[in-house]
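# Descriptive structure summary
The residues making up each chain are set out below.
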Amino acid sequence: QVELVESGGGLVQPGGSLRLSCAASESIFSFNVMGWYRQAPGKERELVAAFTNDGTTNYGDSVKGRFTISSSVAENTVYLQMNSLKPEDTAVYYCNSKRYRPRLTEYWGQGTLVTVAS
């Protein structure tokens, strides 16, 4: 069973930065897609950033230019660097991975809370 373990959440002031980490129990090369989603109270879960194993990267419109997704193959870890944080970025952030074969299978981490407040 694939495990995704997030870390790095916490309280940060508006305008600050935070880096989230997602450690995977298997090689990140074994997934077709890896990324981050978030869910704020009373809202639906939304895509923050994701990359595919063919090199495509996508960002949610609200984080473009502020957040950067990256990875370390050696550490089987995906990162989310978050800069210029805003109160509306407050949410639980979830790591996500997908495999397309033999059938679509999706994995989720337990989530890490990011609170942006003064």
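Everything in this summary refers to the structure shown in the same document. Every chain's residues receive numbers from 1 upward, in the order its sequence appears when written. Reporting of local features is limited, given that this is a predicted model, to residues whose pLDDT is at least 70; pairs of side-chain atoms are given and counted only at 80 or more, and all residues count toward the totals for whole chains, interfaces and linings. To get the side-chain values, all heavy atoms of the structure are used, and hydrogens and water are removed first.

Let's shift gears to the state of the cysteines. Sulfur atoms of two cysteines make up a disulfide when they are within 2.5 Å. Applying the stated criterion to the full structure yields 1 disulfide. Each disulfide pairs two cysteine sulfurs, and for C22 the partner residue is C95, the sulfurs being separated by 2.0 Å. Because the torsion about its S-S bond is -80°, the bridge between C22 and C95 counts as left-handed. Here C22, found in strand β3 (residues 18–24), pairs with C95, found in strand β9 (residues 91–99); they are 73 residues apart in sequence, far enough to count as distant. Look at C22 and you get buried, because its relative accessible area is 0%. Each residue's exposure class comes from its accessible area (1.4 Å probe, protein chains only) as a fraction of the maximum for that residue type: buried when under 20%, exposed when over 50%, partly exposed otherwise. The exposure class assigned to C95 is buried, which follows from its relative accessible area of 0%. Secondary structure is summarised from DSSP: a helix means a run of H or I of at least four residues, a strand means a run of E of at least two, and numbering begins at the N terminus for each.

This part takes up the environment of G9. With respect to the element layout, G9 can be found in the loop between β1 (4–7) and β2 (10–12). Contacts are assigned to residue pairs with any non-hydrogen atoms lying within 4.5 Å of each other. Ignoring sequence-local partners within four residues, the contact set of G9 consists of L18, L20, T112, L113 and V114.

Criterion for a salt bridge: a side-chain nitrogen of Lys or Arg within 4 Å of a carboxyl oxygen of Asp or Glu. Tallied over the full model, the rule gives 6 salt bridges. With a closest N to O distance of 2.7 Å, R38 and E46 form a salt bridge. The class of R38 is buried, set by a relative accessible area of 5%. A salt bridge links D89 to R66; the shortest N-O distance between them is 2.8 Å. Of this pair, D89 sits in the loop between β8 (77–82) and β9 while R66 is found in the loop between β6 (57–59) and β7 (67–72), placing the two residues 23 residues apart along the sequence. When sorted by exposure, D89 lands in the same class as R66, which is buried.

Within the fold, R38 resides in strand β4 (residues 33–39). For this analysis, a polar contact is any N or O atom pair within 3.5 Å, provided that within protein one partner can donate a hydrogen and the other can accept it, and provided that sequence-adjacent residues contribute only side-chain to side-chain pairs. A distance of 2.9 Å separates the side chain of R38 from the side chain of D89, its partner in a polar contact. Here Y93 takes part through its side chain, which lies 2.9 Å from a polar atom of the side chain of R38.

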